[in-house]
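Chain residues, written in single-letter form:
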Amino acid sequence: MNTRALPLYVTIAIFALAWVVCWLQFPAMASTRVIGNLLTDNAYLGIVAVGMTLVILSGGIDLSVGSVIAFSGVFIAVMLRDTGLHPLAVFALLLALTTAFGAAMGGLIHGLAMPAFIVTLAGMFLARGAAYLLSIDSVPIQHEFYKTLQGAYWLMPGKGRLTLIGVLMLAVFVLGMVVAHRTRFGASVYALGGGEATARLMGVRQGRTTVLVYAFSGLMAGLSGIVFSIYTGSGYSLATVGTELTAIACVVIGGTLLTGGAGYVIGTLVGVLTMGLIQTYIVFDGSLSSWWTKIVIGILLLAFILLQKGLVRLSQARMAA
Amino acid sequence: MTLLTVRSLTKVFPGTKALDGVDFDLRAGEIHALLGENGAGKSTLIKCLTGAYARDAGTVTLDGRPIAPRSTVEAQDLGIGTVYQEVNLLPNLTVAQNLLFGREPRRFGLIDSRALRRQAREVLTQYGLDLNVDRDLGSYSVAIQQIVAIARAVALSGKVLILDEPTASLDAREVGMVFEVVRGLRDRGLGIVFVSHFLDQVFALTDRITVLRNGRRIVTEDTAALDRMRLIEHMLGRALEDEVMHSPPPARGPRAPMLRFAGMGRRGAVEPFDLAVGQGEVVGLAGLLGSGRTETAETIFGLRPAQTGSAADENGPLRLASPRAAIAAGFGFAPEDRKTDGIVADLTLRENVVLGLQARRGWMRPIPRAEQNRLAEDYIKRLDIRTSGREKPVGELSGGNQQKVVLARWLAMNPRFLILDEPTRGIDVGAHAEILHLIHDLVERGMSLLVISSELDELIAVSDRVIVLRDRRHVAELTGAEISGETIMRAIAAAPAEGAA
């Protein structure tokens, strides 16, 4: 077994254990309703976390995504209110916009050899500012097509609703896995995260890969924005503050090394579901403050960082022996 | 059959001619050693061949066709593959991914992992390796990683293989493994360039040897026809005929013992050694590149703290766990690479000179500006530093003057024991003499010195005692009249008791 896969197994084990504990206390946890809601409620987070996974695998970070999601919501709401465009056309326009935004950040990161942290931090302020510029107030979306999207679900046995956006998230995870693990682009992403100089020696086109990674993250943020607007039925410039950090937490809890080069897309899904599970537990319990979510996430994050450090030490010790 | 021909290759860097009309031939089916000390031009030659540098003059022909690669990838496509000392693959990818990176078999646009594994296994069988190709490369030993790197380079290029110190971090058994692979490739008709500073390995493995020195080719000869002594003469550049006699500095009488290092050593850096340094004594360290000279100095100075042994002065034991502790004990160290480890290029001459003194006083007690100016002016005069003023950034000075600034910084702290690692490297002839003169001055005033140098004449001229190192061991000690170019070279050349591979 590869040591870099170990965090993934630990994540899956923790998730399974937590689920069993919740289920023993609240048997309803295993119902398809809860499962359906878990997917629906975390759809936007899961989608944006897929993009974040690739960015982190490449050794970078993208702090702009939370703001991009908010911008997307406001953009869609304002466009639907003020123009006669069909939502699908607006979606296409938006995705092109956010993808280009991501690509531009990737271009700056590579071209100016600047840290991704700073460039995407600037992107974060830019996108948030642009959202304010469009509208300060929450803008409701009242398009017939939106009602169709919101009402689209498949009734699972046990009356659980598998919603369109839940399915979309799962599809995005499949896409992410194919891109990361089965394409040359994906291999280049892992190579960059493993070591830029070596990756160049091996023939990785660093500039192209960097631009594509951030463009992909921008695309995912845009898609996540669409899903979020379907989920909330409105666009609000103050929404999803800090979502980029939650996404990073999901990626790390999912077993991806924050310094890049090691991890799995499927781990991120487990990370997202773990986070959703904690929230569900708090709702079921009823007496706990929702801040407990943050505390548990904090503890989990710390545990995973320690675990990964330990693994790195372990493999170094094995090399030295 | 000649595979690769290099004719009058020249490469100029600002201030130096790194390669000066070098000729080099590589036949198909031979292993050709490329030897030389630091600055001889080995790495420049390799970088010109692999496209990392563009040459300034000369021709390179491969298979009769002139080539001028502009990148390592282009060189690879032409047939020249390289494996460097540091492993060139990604430890976080699997063996199969590393071997076939960029050439993965695809089906419907996606990587076909089954075919990927199969092809990787096929490649490795040729090298007698049976690895689990799905495991991360990083989980295998460095030797295996190195063989995988060779396999990748050969698969990509397939005509010329350049091995740049591929065995530097391997133990004897692993070196044997790599050699087996390299011999196998020679028998398949590849031309192999082998760079190493382990002479035993060179004699064990190679068919021909080319020696470079100061950017020129000195000799190319069959390995079998060259003996160790002559090879070292070629590398160090002095024939025994024009022997400079050791003219010991006027007898300064017996020296009071000052420092004693007993059994100090560090795994992978230098074998445990004993060393005593007297008051006002100059001890020279001689040996080839990679023999453990710098490592000895770094161990003493606490840069790579000793794992065994102890140090003591006349007042009792010394703890040398860090450079800070060593400085507190009155040590100083002017390192070999002054650009990265010695000067702070963006700071002014004055700031560089007071840096060490200020660090010792603590930042809470700044040295008054007037005092700083006085110190800087004083050392500019005493060491004859050529500068337009004390406020000039040190990076803009010439190499010799930068070295003087590094020395001034240590002298301002008035150490009792100063280590000079290659004090005259990259300095012009005039400054060279001045530095040697300065060493004599310091000794006159009672300072003890440890001098490391590749130039034997320099060591002979300044040292009271010379320690010779080979393969990270202190192997001989020469005193007074025993010190001569010949005795030093004989000590370096003496075949070791146990041979590697």
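Residues numbered from 1 in each chain as written. Chains lettered and ligands numbered in written order. Predicted model: local features only at pLDDT ≥ 70, side-chain atom pairs only at ≥ 80, totals over all residues. Heavy atoms only, no water.

Description of the interface of chain B and chain A
For clarity, the threshold we go by: Should any heavy atoms of two residues lie within 4.5 Å, those residues are considered in contact. Once two parts are brought into contact, the accessible area they lose, counted with a 1.4 Å probe and summed over both, makes up the buried area. Any carboxyl oxygen of Asp or Glu within 4 Å of a side-chain nitrogen of Lys or Arg constitutes a salt bridge here. Any pair of N or O atoms that falls within 3.5 Å is considered a polar contact. Within protein, one atom must be able to donate a hydrogen and the other to accept it, and sequence-neighbouring residues count only if both atoms are side-chain atoms. Residue polarity is assigned by list, with Asp, Glu, Lys and Arg as charged and Ala, Val, Leu, Ile, Met, Phe, Trp, Tyr, Cys and Pro as nonpolar; anything else, Gly included, falls into the polar class.
Tallying the contact residues gives 31 residues for chain B and 21 residues for chain A. Buried area between chain B and chain A, summed over both chains or domains, comes out near 2,100 Å², and the portion from carbon and sulfur atoms is 55%. Viewed at the interface, chain A and chain B are joined by one salt bridge. For Arg 184 of chain A, the salt bridge is made with Glu 104 of chain B, and the minimal N-O distance between the two is 3.1 Å. Taken together, the links from chain B to chain A amount to six residue pairs in polar contact (both at pLDDT 80 or more). Here the residues of the side of chain B that touches chain A sort into ten nonpolar, twelve polar and nine charged.

Comments concerning the packing of helix α8 (residues 164–182) of chain A against helix α13 (residues 265–285) of chain A
Helix-helix packing is described using two parameters, namely the angle between the two axes and the distance between the axes. Residues and elements named next belong to chain A. Filter applied, for reference: Where helices are involved, their axes are fitted lines through C-alpha atoms of the stretch in contact, as for all axes, and angles between N-to-C directions lie from 0 to 180°. Runs of H or I in DSSP of at least four residues are treated as helices and runs of E of at least two as strands, each being numbered from the N terminus. Should an angle fall under 35 degrees it is called roughly parallel, over 145 degrees roughly antiparallel, and 65 to 115 degrees roughly perpendicular, with every other angle called oblique.
Direction vectors running N to C along α8 and α13 enclose 150°, while the axes themselves pass 8 Å from each other. By the criterion of interaxial angle, the relationship of α8 to α13 is roughly antiparallel. Across the interface between the two elements, Met 169, Leu 170, Phe 173, Gly 176, Met 177, Ala 180 and His 181 from α8 touch Val 265, Ile 266, Thr 268 and Leu 269 from α13. Residues that form the contact of α8 with α13 fall into these classes: eight nonpolar, three polar and no charged.

Looking at helix α4 (residues 113–125) of chain B
Residue and element names in this part refer to chain B. Definition in use: Expected span of a helix: the number of residues minus one, times 1.5 Å. When a residue's accessible area, from a 1.4 Å probe over protein chains only, is under 20% of the maximum for its type it is buried; when over 50% it is exposed; and in between it is partly exposed. The arc in question is formed by the directions pointing from the helix axis toward the C-beta atoms.
If you check α4, its first and last C-alpha atoms are 18 Å apart, about what 13 residues at 1.5 Å a residue would give, namely 18 Å. Within α4, the full set of buried residues consists of Ala 115, Leu 116, Ala 120, Val 123 and Leu 124. For α4, the arc enclosing every buried residue in end-on projection is 165°, short of the 170-degree limit, so these residues lie on one face. In α4, the exposed positions that point more than 90 degrees away from the buried face belong to Arg 114 and Thr 125. Next to the buried residues of α4 lie α3 (95–100), β8 (110–111) and α5 (142–156).

Concerning the layout of surface pockets
Residue and element names in this part refer to chain A. Inclusion rule: Cavities and pockets were defined on a 1 Å grid built from protein atoms only: a cavity is a group of points that admits a 1.4 Å probe but offers it no way out, a pocket is an open group of points flanked by protein on both sides within 12 Å along at least five of seven lines, and a lining residue is one with an atom within 4 Å of any such point. Grid points are joined across faces, edges and corners, and a volume is the space filled by probe spheres set on the points.
If you add up the space inside the second largest pocket, you get close to 580 Å³. If you go around the second largest pocket, you meet 28 residues; those closest to its centre are Asn 42, Thr 246, Met 275, Gln 279 and Thr 293. Classifying every residue of the lining of the second largest pocket gives 15 nonpolar, eleven polar and two charged.

Here's the deal with the packing of aromatic side chains
Residue and element names in this part refer to chain A. Put simply, the rule reads: Here a pair means two rings of Phe, Tyr or Trp (six-membered ring of Trp) with centres within 6.5 Å. Their orientation is stacked below 30 degrees between planes, edge-to-face above 60, and tilted elsewhere.
Taken as a whole, this structure holds 14 aromatic pairs over all chains when the rule is applied. Centroid distance Phe 91 to Tyr 146: 6.1 Å. Interplanar angle 70°. Geometry classified as edge-to-face. In this pair, Phe 91 is assigned in helix α5 (residues 87–111) and Tyr 146 in helix α7 (residues 144–151), connecting sequence segments 55 residues apart. For Tyr 146, a relative accessible area of 1% gives the class buried.

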